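Inside the fold
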There are 2 protein chains.
Amino acid sequence: MAGTLIDCPVRRLCVAGTVAVNRQNRVVNSPANVTVLGSCGAWPEPDRACSGFLLEYDGFRVVLDLGYGTLPRLLAALGSTTADGLDAVVVTHAHPDHMIDVHGLFRARWFGRQGAPRIPLFAPRPVLDRAMALEDDDGSAVARVFDWHPLPAPDCDVGPFVLHSVELPHFVPNAGVRLSAPGLTMAYTGDTGPDPAIAELGRDADLFIVEATDRAQQPGAAPAPEGRAMLMTAGQAGAAASEAGARRLLLTHFWPGNDRSLSRADAEATYDGEVLIATEGLRIDLP
Amino acid sequence: MAGTLIDCPVRRLCVAGTVAVNRQNRVVNSPANVTVLGSCGAWPEPDRACSGFLLEYDGFRVVLDLGYGTLPRLLAALGSTTADGLDAVVVTHAHPDHMIDVHGLFRARWFGRQGAPRIPLFAPRPVLDRAMALEDDDGSAVARVFDWHPLPAPDCDVGPFVLHSVELPHFVPNAGVRLSAPGLTMAYTGDTGPDPAIAELGRDADLFIVEATDRAQQPGAAPAPEGRAMLMTAGQAGAAASEAGARRLLLTHFWPGNDRSLSRADAEATYDGEVLIATEGLRIDLP
């Protein structure tokens, strides 16, 4: 799981740029937390948003996914109209419920902080392509705001974190991610069908954010194509967290209209630890 | 201004479909209102959203623009996770701060109301193209959710309204729109530079929604390209409303970070009527 650290461009950026301040001042087990920006899968329920999480550790802030409706919540969490204080972006895959507001974030930086250092963006290539396609230029403006790095990729430093990533089964390439810093490990599946790699991703994590789309709650939901599930139930999420030995499980990516208390009960049937239910604005102190 | 009604496909749809119920039951001067879904230009401020307005008249509901962050607010205003009760969509132009959440609305209908009648979508073609490009298919799914009609176009019935549209100057094709029903006229510029057509669009309107981007409030704002402004100041918005003889002026599309009280003061210096400031959740009873 630990992998070998490589001297990737982002590591050099971290050492050379503003992140270095955080690294130099880093205090092991310093305050860390996750704020839920959005909890819905596919599209947002009324007054909610789709996938998005802001992870803060020792003053370093990385956002994981930016689906429909997340950007105003991210900016509120940062306390900045121009996303000042955001150090990195990680996006699991190119479905709009996980990345559409990356383009809005681009605009906040392009118009609001021209000339500022580029923000590292870790994402499968289609995420970048989709953001670029929303501009009327050749995409070069997006490339001047984000310093793109592909996912999945070899382990790499992202500020105080080691970013580990692995491809998980979904309709499009999806990278499960694991962010480890001294005293803290957090993992996040993005969207995935059941797979042994999920337990490895979340091994001994302090917080394991697992999608629990639970299509089965919806009458008439289409069966899994080609005989393989590409999304999870809450029971499967709990089982994966159990196998991983994760300390806490945060269920998310609820299909609109689902009964989240049912999802919680299903996860508690397969996982003995604490089950948290993602809801917009929820802040979880770590570890 | 009145134009000639044509027997366009939407008119036939209205008469044949659910809209006919509204038309048949229509009561002149029945309750009407506008709800502001988003008030920001370019990108959303913290806990706000970009352009979006829900217009309701005699139970018929049409949304005008759906920028970043508007979809959860639209669904809350409709009281429906699947946008039940929404009768039509009008989008002024293809910039994402005016249309990105059209794709989320597509998903709400595609996944949540498969087989439901298509929702009329009036928009310049690039709006449809952009929404289609966000899908992994050939765009046919989007075409099965929305019944697209180009803008600008000849006057046409949209439920109880006559929709009048005119191209206004912007970086991309932008359609100013005017919706008239017995006892009510509302007009909306979308994004525009100053132009004599704006006053014609808002002639004697009960409510004139005019963009007041007011880039001039921001230090270092880029000058208008090619010597022609493609956005408005609040003072210009007030002047256009004065020339139109509009009864009320709703300023919107504020550049993030702008002082909206300054925009109000500037508009009041050029317009004697009531100046309203768009803010998320504001509901304005009409006429």
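Calculation rules
- Residues numbered from 1 in each chain as written.
- Chains lettered and ligands numbered in written order.
- Predicted model: local features only at pLDDT ≥ 70, side-chain atom pairs only at ≥ 80, totals over all residues.
- Heavy atoms only, no water.
- Pairing = 2+ DSSP bridges.
- Helix = DSSP H or I, 4+ residues; strand = E, 2+ residues; numbered from the N terminus.
- Axes fitted to C-alpha atoms, helices over the stretch in contact; angles between N-to-C directions.
- Buried < 20%, exposed > 50% of the residue type's maximum accessible area, 1.4 Å probe, protein only.
- Contact = heavy atoms within 4.5 Å.
- Right-handed = clockwise from strand over helix to strand, strands pointing away.
- Core = buried A, V, L, I, M, F, W, Y, C linked by side-chain atoms within 4.5 Å.
- Left-handed = near helix turned anticlockwise from the far one by under 90°.
- Nonpolar A, V, L, I, M, F, W, Y, C, P; charged D, E, K, R; others polar.
- Salt bridge = Lys/Arg side-chain N within 4 Å of Asp/Glu carboxyl O.
- Buried area = accessible area lost by both parts, 1.4 Å probe.
- Polar contact = N/O pair within 3.5 Å; in protein donor to acceptor, adjacent residues only side chain to side chain.
- Least-squares fit on C-alpha atoms with pLDDT ≥ 70 in both.

As a further point, take the sheet that holds strand 5 (residues 119-123) of chain B. Residues and elements named next belong to chain B. If you walk across this open sheet you meet the seven strands as 6-5-4-3-2-1-14, and the pairing is mixed. Strands at the two margins of the open sheet, each flanked by one partner only, are strand 6 (146-150) and strand 14 (283-286). Across the sheet, the axes of successive neighbouring strands diverge by a mean angle of 20°, strand direction being ignored. Bridge count for strand 4 (residues 88-90) against strand 5 is two bridges, and the pairing is parallel. Its bridge partner being in strand 5, V89 is matched across the sheet by L121.

Residue and element names in this part refer to chain A. Here helix 9 (residues 234-244) has its buried residues at A234, G235, A237, G238, A240, A241 and A244. Where helix 9 is buried, its residues touch helix 8 (196-201), strand 11 (207-211), strand 12 (248-252) and helix 10 (260-268). Once helix 9 finishes, G245 follows within two positions and takes phi at roughly 70°, a positive value.

Let us now look at the pairing of strand 14 (residues 283-286) of chain A. All names here are of chain A. Burial along strand 14 is one-sided: the residues I284 and L286 are buried and none of R283 and D285 is. With four bridges joining them, strand 1 (residues 32-38) and strand 14 adopt antiparallel strand pairing. Across the sheet, residue N33 finds its bridge partner in strand 14, namely D285.

A separate point is the sheet that holds strand 10 (residues 184-188) of chain A. Residue and element names in this part refer to chain A. Across the sheet, seven strands lie side by side as 7-8-9-10-11-12-13; this open sheet has mixed pairing. Lying at the two open borders of the sheet, with one neighbouring strand each, are strand 7 (156-158) and strand 13 (274-277). For this sheet, the mean angle separating the axes of adjacent strands, direction not counted, is 25°. Relative to strand 11, strand 10 runs parallel, the two being bridged by three bridges. Each bridged residue has a counterpart across the sheet, and for A187 the counterpart in strand 11 is F208. Contacting strand 12 and strand 13, helix 10 crosses the sheet at an angle of about 160° to strand 13.

In this section: the pairing of strand 3 (residues 60-66) of chain A. Residues and elements named next belong to chain A. In terms of burial, strand 3 is a largely internal element, seven of the seven residues being buried. Two elements, strand 2 (residues 52-57) and strand 3, share six bridges in a ladder whose sense is antiparallel. In the strand pairing of strand 3, E56 is matched with R61. In this antiparallel pair of consecutive strands, strand 2 and strand 3, the connection spans two residues, and D58 shows a positive phi of 55°. Across three bridges, the pairing between strand 3 and strand 4 (residues 88-90) is parallel. Looking at the pairing, L64 lines up with V90 of strand 4. In this region the chain leaves strand 3, passes through helix 3 (residues 71-78) and returns to the parallel neighbour strand 4; the handedness of that crossover is right-handed.

Moving on to the nonpolar core. Core analysis: the biggest nonpolar cluster contains 54 residues, and A:F161, A:M186, A:L207, A:F208, A:L250 and A:L251 have the highest contact counts within it. If you tally residues by element for this core, the top one is helix 9 of chain A, at five residues. If we skip the residues at most four places from it in the chain, A:F161 touches A:L55, A:Y57, A:F60, A:V62, A:C156, A:L179, A:S180, A:A181 and A:L184. Within the second largest apolar cluster, 52 residues are counted, among which are B:A199, B:L207, B:L249 and B:Y271.

Residues and elements named next belong to chain B. Contact geometry for helix 8 (residues 234-244) and helix 9 (residues 260-268): axes closest at 7 Å, N-to-C directions at 40°. Viewed along their axes, helix 8 and helix 9 form a crossing whose handedness is right-handed. On helix 9, the residues that touch A234, G235 and G238 of helix 8 are S263, D266 and A267. A class-by-class count of the residues in the contact of helix 8 with helix 9 yields two nonpolar, three polar and one charged.

On to the pattern of salt bridges. The tally for this structure, following the rule as stated, stands at 28 salt bridges over all chains. In this structure, B:D136 and A:R130 form a salt bridge, with 3.0 Å as the shortest nitrogen-oxygen distance. Remark: A:R130 occurs in helix 6 (residues 125-133) and B:D136 occurs in the loop between helix 5 (125-133) and helix 6 (140-145); the pair is interchain, linking two chains. A relative accessible area of 12% means that A:R130 is categorised as buried. Here B:D129 ties to B:R125 by a salt bridge, and the two come within 2.8 Å at their closest N and O atoms. With a gap of four residues between them, B:D129 and B:R125 both fall in helix 5, about one helical turn apart. Owing to a relative accessible area of 38%, B:R125 belongs among the partly exposed residues under this scheme. A cluster of three or more residues bridged by salt bridges with shared partners is formed by A:E45, A:R48, A:R260 and A:E280.

This part covers the interface of chain A and chain B. With 36 residues of chain A in contact, the opposing surface of chain B contributes 37 residues. For the pairing of chain A and chain B, the buried interface totals around 2,800 Å² over both sides, and the portion due to carbon and sulfur atoms is 64%. Applying the counting rule to chain A against chain B returns four salt bridges. Taken together, the links from chain A to chain B amount to 17 residue pairs in polar contact (both at pLDDT 80 or more). Those elements giving two or more residues to the side of chain A that touches chain B turn out to be helix 3, helix 4 (96-99), helix 5 (102-112) and helix 6 of chain A. Residue contributions to the side of chain A that touches chain B peak at six residues, all from helix 5 of chain A. By residue class, the composition of the side of chain A that touches chain B is 18 nonpolar, eight polar and 10 charged.

We now examine the relation of the copies chain A and chain B. At an RMSD of 0.0 Å, chain A and chain B line up after a rotation of 180° and a shift of 0.0 Å along the axis. Such a combination of rotation and displacement between the chain copies is what one expects of a two-fold axis. Minimal C-alpha distance to the rotation axis in chain A is attained by A:G69, lying at 2.1 Å. By residue overlap, the copies meet face to face through one surface: 100% of the interface positions of chain A are interface positions in chain B.

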